[in-house]
Each structure stands twice: as structure tokens, then as C-alpha cells.
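Given next are the chains, with one letter for each unit.
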Amino acid sequence: MKNIPFLILGIFFGIVLSKGEVISWFRIQEMFRFDGFHMYGVIGSAVVLGAVAIRSIKALGIKDRFGVEISPAPIERNFKQYIFGGTIFGLGWALTGACPGPIYTLIGYGYWGYAIVLISAVAGTFLYGILKPKLPH
Amino acid sequence: MNLILDPWPWYIVGPLITITMVMFLYFGQSFGISSSLKHMCTVAGAGKFSDFFRYDWRDKSFSLVFVVGLVIGGWLSAAYLNGNQAVDISEATRLALEGLGISDFNHYAPDDIFANKSIGNNIPLLIIGGVLIGFGTRYANGCTSGHAIMGLANLQWPSLLAVVGFFVGGLIATFVLLPIFIN
């Protein structure tokens, strides 16, 4: 029952990604070819507004529904893992036209090719878990 | 003109993504989607093979419920919200993709790669693309939602490094790998 809000949030976000064409392989291609503004507008406005929102939340000391002050944890200050991992993910993002969120939503559309992408992504995550001690971070 | 059924412009979509992120914070979580892939490994028993997957996934069940919602949201927009129409991409991208042999521009993704017909020919692209997504997001500890949205909005410079990486990889895949895969 405690997860019902996340089910509703997931349905809402799936619709936003769909109607915003964020799940479109063509939009991702357009972005990586620097031919259109759409994806930059989507991500850019989300980030700018998000930065204002987080700053305001911290400044006003707004609490979450459990009464805990909202304060997103800082990210570990490594260097290599973000460049290497980010680049590897970018390869997959441009090939399939989908980051993790859209993979799920596209399966809802009946694009069964993305079910293969999802299973492979779970396998890739497993592979990382196995190799993690050997990788530079 | 129909505000709901027509494609939504970026200045509506961006703020709705911000609202989703803020709702995650309100419900006590950080915004991120790729970690769901890790939790699936854990549910499937990957803890037998690596400490990385040794934790109680029930504490993270919200993430798995959220992605079920993403699937339902996709189905609802396809069935009732006029989803999956032709995408009005720029002429330059269209020409470049036609040059690569893409012929179906009528939906969100080319049917000949991702839907039915000749999916078999593209299994290498689907599998390798998926493995790169799963491996890379865990290595970088986040994907577009965790780094490009949540991390940048929270002014975390490692997230900026990750986003630079997304583009380095994306450009290599677009201009070097894609022509090899879809030939």
C-alpha cells in the first residue's frame, strides 16, 4: 500500500514521456545529431526548474511526508566511474534510442524489441555487479 | 488543436518532469530509474554471485512499482491518448536516417528495428544496446533521470561528468556504430 503513490507517479511519468515524445528513437537521434531543440528544451527546462525547486525546498526547510527535511544526498566525488560509465551508457542510449525510463514505457506500447533491450540491460547490470571490484572508479 | 492528444511541447514536458522529481523527494526518495535494473537482479538472486546485490530489495520495492507504472502509462497513452504518431523531427535528421536505410517514420520508433517484421535482423543491436545501458548506468551510478535531471538540478559536478560521458558515447554510437548495426 505504501507504494501506491509510486504506481500513480509511474503512470503519470510514462504518459509525460510518451506525449512529450521523449520515448521516441527519432527524437534521441535528432538530439545526438544536434538537429533539433526539443530534447534540449525538455531536459534544460527540467533541470533549471529543478534547481530552483531544490534550492527553495532547502532554503524553506520543507519536509517530506514522513516529516524529514528534504535534502538530497551529495554524490560520491569520484571521477573515472562517471566518465567511463556515462560513456558506456551513452553508447546504448543512442543505439536503442531509449534510456531506462523509456524502455519500460515502450514495452507498454507493444514494442517487443524493447523487451529484449530490458532483459539485456538487466544482464548488463549483473555483469557490472560481478566485475565491479576490477573496474577503475 | 487538442492540448492533450497532440504532442506536448518541451516547455510543458520539462516542468512535468521537475514535478515528478519533486514528488519523489516528497515521498522520501531520490529520483532515479536505472536502479530498478539492479533491484531486478537482486530479486532474481544475484546476491549469490556478488555483494553488490546483497541487500533487502523490499526496501526498494517503490522503484519496481514505479517502473510497472511506466509500462502502464505507455499502454494507456497508446490506447487512449493518441500516442505513437509520426514524430515531427527535423528534415536533416530524417535525411540522415533515410541514408542509413530507415524507411518507417510513421511512429515513435522505426517498426523495422523495434516492432515486428524484421526484428530478428536487429537482435545484435537490441542485445548489445541493452547490455551497454545496464552496465553503463550502474558503473556511472545513474542514468538520465538520476544524473541529467536530479544530479544537475542538485548542482552535483560528478553528474555533469556523467552527462558529458552520455554525449561522448551517444555521438560515437550515432555516427560510428549505428551505420554498422543497421546495414
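Residues numbered from 1 in each chain as written. Chains lettered and ligands numbered in written order. Predicted model: local features only at pLDDT ≥ 70, side-chain atom pairs only at ≥ 80, totals over all residues. Heavy atoms only, no water.

Student: An account of the pattern of salt bridges is requested, with residue identities and associated values reported.
Tutor: A full pass over the atoms with the stated rule returns 5 salt bridges over all chains. With its nearest N and O atoms 2.9 Å apart, the salt bridge here joins Arg 27 of chain A to Glu 21 of chain A. Owing to a relative accessible area of 4%, Glu 21 of chain A belongs among the buried residues under this scheme. Notably, a salt bridge pairs Arg 58 of chain B with Asp 56 of chain B, separated by 3.0 Å at the nearest N-O pair. Ionic contacts of the salt-bridge type, sharing partners, join the residues Glu 21, Arg 27 and Glu 30 of chain A into one network. (Salt bridge = Lys/Arg side-chain N within 4 Å of Asp/Glu carboxyl O. Buried < 20%, exposed > 50% of the residue type's maximum accessible area, 1.4 Å probe, protein only.)

Student: Break down the domain arrangement of chain B for me, with residues and values.
Tutor: All names here are of chain B. We note that the domain assignment places domain 1 (1–83) and domain 2 (117–183) within chain B. The gap between the C-alpha centroids of domain 1 and domain 2 is 17 Å. Contact residues are listed per partner, giving 12 residues for domain 1 and 10 residues for domain 2. Summed over both partners, the interface of domain 1 with domain 2 comes to about 800 Å²; 76% of that surface belongs to carbon and sulfur atoms. Three residues stand out in domain 1 for area buried against domain 2, namely Met 21, Phe 31 and Ser 34, and they jointly supply 50% of the buried area on that side. Seen at the junction of domain 1 and domain 2, the total is 0 salt bridges. Looking at the side of domain 1 that touches domain 2, the elements with two or more residues in it are helix H1 (10–26) and helix H2 (35–43). Looking at the side of domain 1 that touches domain 2 residue by residue, the classes come out as 7 nonpolar, 4 polar and 1 charged. (Domains from an automatic or database assignment. Contact = heavy atoms within 4.5 Å. Buried area = accessible area lost by both parts, 1.4 Å probe. Helix = DSSP H or I, 4+ residues; strand = E, 2+ residues; numbered from the N terminus. Nonpolar A, V, L, I, M, F, W, Y, C, P; charged D, E, K, R; others polar.)

Student: Provide a residue-level description of the packing of helix H6 (residues 113–131) of chain A against H2 of chain B, including the pertinent values.
Tutor: The contact between H6 of chain A and H2 of chain B brings their axes to 9 Å, and the two run at 80°. Viewed along their axes, H6 of chain A and H2 of chain B adopt a mutual orientation that is roughly perpendicular. Within the contact between the two elements, H6 of chain A uses Leu 118, Ala 121, Val 122, Thr 125 and Phe 126 of chain A and H2 of chain B uses Leu 37, Lys 38, Met 40 and Cys 41 of chain B. Tallied by class, the residues present in the contact of H6 of chain A with H2 of chain B amount to 7 nonpolar, 1 polar and 1 charged. (Axes fitted to C-alpha atoms, helices over the stretch in contact; angles between N-to-C directions. Parallel < 35°, antiparallel > 145°, perpendicular 65-115°, else oblique.)

Student: Before we move on, can you summarise the interface of chain A and chain B with the specific residues and values?
Tutor: Contact with chain A, which involves 106 residues of that partner, is made by 126 residues of chain B. Carbon and sulfur atoms supply 78% of the area that chain A and chain B bury against each other, a total of about 10300 Å² over both sides. Ranking the residues of chain A by area buried against chain B places Lys 19, Phe 26 and Leu 95 of chain A at the top, with a combined share of 9%. Across the chain A-chain B interface, the total number found is 0 salt bridges. Our count for the contact surface shared by chain A and chain B stands at 28 residue pairs in polar contact (both at pLDDT 80 or more). If you list the elements that add at least two residues to the side of chain A that touches chain B, you get helix H1 (4–19), helix H2 (25–32), helix H3 (38–60), helix H4 (80–96), helix H5 (100–108) and H6 of chain A. (Polar contact = N/O pair within 3.5 Å; in protein donor to acceptor, adjacent residues only side chain to side chain.)

Student: Quick rundown of the layout of surface pockets? Include the residues and the values.
Tutor: Empty space among the atoms becomes apparent when a probe as large as a water molecule is rolled across them. The space that makes up the largest pocket amounts to roughly 900 Å³. Of all the secondary structure elements, the ones that give two or more residues to the lining of the largest pocket are H4 of chain A together with H2, helix H3 (61–80) and helix H7 (144–153) of chain B. Among the elements that line the lining of the largest pocket, the one with the most residues is H7 of chain B, at 5 residues. Split into classes, the residues belonging to the lining of the largest pocket amount to 13 nonpolar, 18 polar and 5 charged. The residues that make up the lining of the largest pocket include at least three from each of domain 1 (1–83) and domain 2 (117–183) of chain B. (1 Å grid on protein atoms, 1.4 Å probe; cavity = no way out; pocket = protein on both sides within 12 Å on 5 of 7 lines; lining within 4 Å. Points joined across faces, edges and corners; volume = space filled by probe spheres on them.)

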